[in-house]
Amino acid sequence: DLPSDITHGLTIDNSNNVWVTLDFKGLLKITEDDWKIISNSEIPGLDEYSYLHSPIVDNENNIWFNVFSPDTNSSILLYDSKEWIYQYPNQNGYGTINIDSQGTFWIINSEYDNYSFKNSTLAYLQNNEWINYDVSMIESEILTVNADDGNIFIGTVNGLVVIDK
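The paragraphs below set out a description of the structure included in this document. (Residues numbered from 1 in each chain as written. Predicted model: local features only at pLDDT ≥ 70, side-chain atom pairs only at ≥ 80, totals over all residues. Heavy atoms only, no water.)

1. Concerning a nonpolar patch on the surface
Consideration 1: Taken together, the side chains of F24, Y49, F68, Y94 and Y112 make up a nonpolar region of the molecular surface, amounting to roughly 480 Å² of accessible area.
Consideration 2: Turning to its location among the elements, F68 is positioned in strand β6 (residues 63-68). (Patch = residues over 30% accessible without salt bridge, like charges linked within 9 Å, V, L, I, M, F, W, Y side chains within 5 Å. Areas by Shrake-Rupley, 256 points an atom, 1.4 Å probe, with all protein chains shown as cover. Salt bridge = Lys/Arg side-chain N within 4 Å of Asp/Glu carboxyl O. Helix = DSSP H or I, 4+ residues; strand = E, 2+ residues; numbered from the N terminus.)

2. Quick notes on the packing of aromatic side chains
Consideration 1: A full pass over the atoms with the stated rule returns 10 aromatic pairs.
Consideration 2: Aromatic pair W106 and Y133: ring centres 5.9 Å apart, planes at 80 degrees, arrangement edge-to-face. Residue W106 is found in strand β10 (residues 105-113), and its partner Y133 is found in strand β12 (residues 129-133); the two are separated by 27 residues along the sequence.
Consideration 3: Residue classification places W106 among the buried residues on the basis of a relative accessible area of 3%.
Consideration 4: Following the ring pairs from residue to residue traces out a cluster consisting of W19, F65, Y79 and W84. (Phe/Tyr/Trp six-rings, centres within 6.5 Å; stacked < 30°, edge-to-face > 60°. Buried < 20%, exposed > 50% of the residue type's maximum accessible area, 1.4 Å probe, protein only.)

3. A few points about the sheet that holds β10
Consideration 1: Pairing is antiparallel across the open sheet formed by four strands, whose spatial order is β9-β10-β11-β12. Each edge of the open sheet is held by one strand with a lone partner, namely β9 (94-99) and β12. The mean angle between the axes of side-by-side strands here comes to 30 degrees, regardless of whether they run parallel or antiparallel.
Consideration 2: In this structure, β10 lies alongside strand β11 (residues 116-126), joined through eight bridges in antiparallel fashion. The residue bridging Y112 from the neighbouring strand is F117, located in β11. (Pairing = 2+ DSSP bridges. Axes fitted to C-alpha atoms, helices over the stretch in contact; angles between N-to-C directions.)

4. A word on the side chain of D100
Consideration 1: Here D100 shows up in the loop between β9 and β10.
Consideration 2: Although D100 is buried, it makes no salt bridge; K165 carries the closest opposite charge, 5.4 Å away.
Consideration 3: A polar contact is formed between the side chain of D100 and the backbone nitrogen of Q102, at a distance of 2.8 Å.
Consideration 4: A polar atom in the side chain of D100 sits 2.9 Å from the side chain of W106. (Lys, Arg positive; Asp, Glu negative; His and termini not counted. Polar contact = N/O pair within 3.5 Å; in protein donor to acceptor, adjacent residues only side chain to side chain.)

Right under this line is the structure:
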């Protein structure tokens with residue numbers, strides 16, 4: 001029995017562990033022969049009104065999560081198998097983590113005013129530092145991002161924007 005029958009994503013890490021985010025109830029980690037619930041109370045910054053979603057695994061086997069929490073100013077959480085580390089502080093909106101086909105991590109931050117979209121910002125991770133990427137020319141909400149050697153592809157609610165790298 002799980003504490004919630006609603007999930008917000010899953011990922012499989014490099015050790016074949018399955019990570020399933022549970023609605024307001026924490027995280028399920030499935031190893032070869034064990035199912036373990038990691039409750040919100042065991043994850044710093046989460047409370048009963050918070051949940052993790054959209055987990056991503058990086059090359060170093062860290063697990064990255066988007067966080068929905070009314071009590072934190074960061075919506076990206078990294079678990080390095082030992083500790084929980086909040087990333088990209090001082091966000092003012094709803095952030096989502098994205099990894100492109102080149103392995104670069106991006107944070108899309110969307111701000112709202114009374115549930116009405118206000119603007120999006122974009123930042124990428126390089127040498128352990130988050131660098132803002134100018135998207136001021138994009139006037140619609142950013143949903144996703146990808147990149148190749150020459151272009152950055154930004155998916156918005158109004159279509160695709162392609163920018164030279």
